[in-house]
Amino acid sequence: MTLPATISVSFDFSQGATFGFGFVVGDEKYGIIGVGTFAASEVPEPVVDLSSVTRSIKISRGRNIMRDTYEAGNCTVRVLDPDSYFNPQNTSSPYFGYLTPLRKVRVAATTATTQHFLFSGYVDSYKYYYPTGQEIGYVDLVCSDAFRLFQMANVATVTDATAGQTTGTRIGKILDQVSFPTSMRIIDTGSTTVQADPATARTSLAALKAAEFAEQGAFFIRTDGTAEFKDRNDVVGSLAAAPIEFDQTTGIPYSDLKYAFDDKLIVNQASMTRIGGTVQTATNVDSAAKYFPHGTTVTEMIPQTDAQVLDIAKIYVATRAETTIRIDAMTVDLLDPDVPTDTMIGLDYFDNLKITNVQPDGSTIVKTLQAQGLAWDITPNSMKCTVTTLEPIVEGFIIGSSTYGIIGQSIMGY
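Residue numbers run consecutively from 1 along every chain, following the written order of its sequence. Thresholds applied to this predicted model are a pLDDT of at least 70 for local features of residues and 80 or more for the giving and counting of side-chain atom pairs; totals over whole chains, interfaces and linings are not thresholded and use all residues. To get the side-chain values, all heavy atoms of the structure are used, and hydrogens and water are removed first.

Chemist: Kindly report on the nonpolar core, identifying the contributing residues and their values.
Modeler: Side-chain atoms within 4.5 Å link the members of a nonpolar core, which is a set of buried Ala, Val, Leu, Ile, Met, Phe, Trp, Tyr and Cys residues. Note on classification: 1.4 Å probe, protein chains only; a residue is buried when its accessible area is under 20% of the maximum for its type, exposed when over 50%, partly exposed between these limits. One finds F11, F86, L141, W376 and M383 to be the most contacted residues of the largest nonpolar core, which totals 48 residues. With five residues, the top contributor of residues to this core is strand 22 (residues 364-379). Should any heavy atoms of two residues lie within 4.5 Å, those residues are considered in contact. Excluding its chain neighbours within four sequence positions, the residues that come into contact with F86 are F11, L50, V79, D81, Y95, L99, Y126, Y128, V139 and L141. Within the second largest apolar cluster, 35 residues are counted, among which are V158, L205, A211 and V235. Helix numbers and strand numbers start at the N terminus; a helix is a DSSP run of H or I with at least 4 residues, a strand a run of E with at least 2.

Chemist: Could you give me a rundown of the sheet that holds strand 19 (residues 295-301), with the residues and numbers involved?
Modeler: Think of a sheet as strands paired side by side through backbone hydrogen bonds, with each pair either parallel or antiparallel. Here a strand pair is declared whenever DSSP counts at least two bridges between the two strands. Read from one edge of the open sheet, three strands run 18-17-19, paired in mixed fashion. The strands lining the two open edges of the sheet, one partner per strand, are strand 18 (280-283) and strand 19. Along the sheet, successive strands turn relative to each other by an average axial angle of 10°, direction set aside. Taken together, the five bridges between strand 17 (residues 269-274) and strand 19 define a ladder with parallel strand orientation. By the bridge assignment, M272 is partnered in strand 19 with V298. Orientation is described by lines fitted to C-alpha atoms, with helices fitted over the stretch in contact, and by angles between N-to-C directions that extend from 0 to 180 degrees. Lying over the sheet, helix 6 (residues 306-318) contacts strand 17, strand 18 and strand 19, oriented at roughly 155° with respect to strand 17.

Chemist: For helix 3 (residues 204-215), give the residues involved together with the corresponding values.
Modeler: The end-to-end C-alpha distance of helix 3 is 17 Å, a good match for the 16 Å that 12 residues give at a rise of 1.5 Å each. Across the 12 residues that make up helix 3, a large majority, nine, are buried. Listed as buried for helix 3 are S204, L205, A207, L208, K209, A211, E212, A214 and E215. Just beyond helix 3, the residue with positive phi is Q216, at close to 55°. In this scheme, a helix's expected span is set at 1.5 Å multiplied by one less than its residue total.

Chemist: Please provide a residue-by-residue account of the side chain of D328, values included.
Modeler: The topology assignment puts D328 in strand 20 (residues 326-333). Residue D328 is classed as buried on the basis of its relative accessible area of 16%. Excluding residues that lie within four positions of it along the chain, D328 makes contacts with I65, K258, A260, V387, T388 and T389.

Chemist: Please provide a residue-by-residue account of the sheet that holds strand 10 (residues 185-187), values included.
Modeler: The mixed open sheet is built from three strands, whose spatial order is 10-14-13. Each having just a single partner strand, strand 10 and strand 13 (218-221) make up the two edges of the open sheet. Going across the sheet, the axis of each strand differs from the next one's by a mean of 10°, ignoring polarity. As defined by bridge partners, strand 10 adjoins strand 14 (residues 227-230) across three bridges and the pair is classed as parallel. Of the residues in strand 14, the one forming a bridge with R185 is A227.

Below, the structure written as structure tokens:
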């Protein structure tokens, strides 16, 4: 069966975080300005196409619904290895001497009209399998995105991380500290100012997450490997885009809709403290009376003032004090001819989705949500995407919006 998109898998032996061909001075292929990208490379042909030997791809990226944070994206690519090329002790392998952890893997989907990366990351491990009675072994390339690099890189101080910087500037300084390429960043300015770096030992990911939370924005790794920071104005602004429609008749078809109607995402009491500050609390009395108290505590925050922390506590409670029926996930089969392939392979975080489901009695459930997770399961004969959906992580007033442009029903911001 032919897949609706051509799936390609590339394996890059070059060092460094940057994806693409390394620029090699004097090389007739990789030494042409405007074609190569500057990266470390000692391999004559650093990028290998594994598409023809790939037998399955599983990708998982998204926001953890319970921890309320983006987590590292993961990908497992299973490749056949009939000639033992992935045996690191095979001196006849063209990869001999270059098989090391943290080499780069990219998965892309291409149609006649567009191409999108589905994952870009780094090999955590090579897992070898030689099934009994099977002549050909296979290898799983187990990969994570750049969040794993940030988790492994500790920082004690951040150079030039001074008081009064915006959250976007602070995130840039942290990425500078761990030498993450400037060509792989999309960083909003940020609306919250932060205090000087606390100069405590922590992972760089923890430092980045502290700035993200201070902004009530979003920091994540895109499918092309770029680190992106959306400030809260950008997050709120994303709500204005027209939604992509999914339903059982005229929209994009789906299956395996996962409903939930519970209290696990309710927060009606928040206690938050910045470094060197006093405790700031926010409570929604009506929600606490209706659902019982659901509290959260956050300490060691980095905003510059207690007033900023209080505003964060208020908006955190305001966006989580109520609950309603949720659609947590749905699965889309791209082999269905009614599914627009270009739309699905281009889907990513903060895309608005309007999901309509007709119940057995003819009544409907309609939810407008945002994509906050994508899980791909691809084989030579199948291509499915499970989309995780969430209510907006921060709401705001959107002029002209029928949902977020009604005075008294939206948060004006702070």
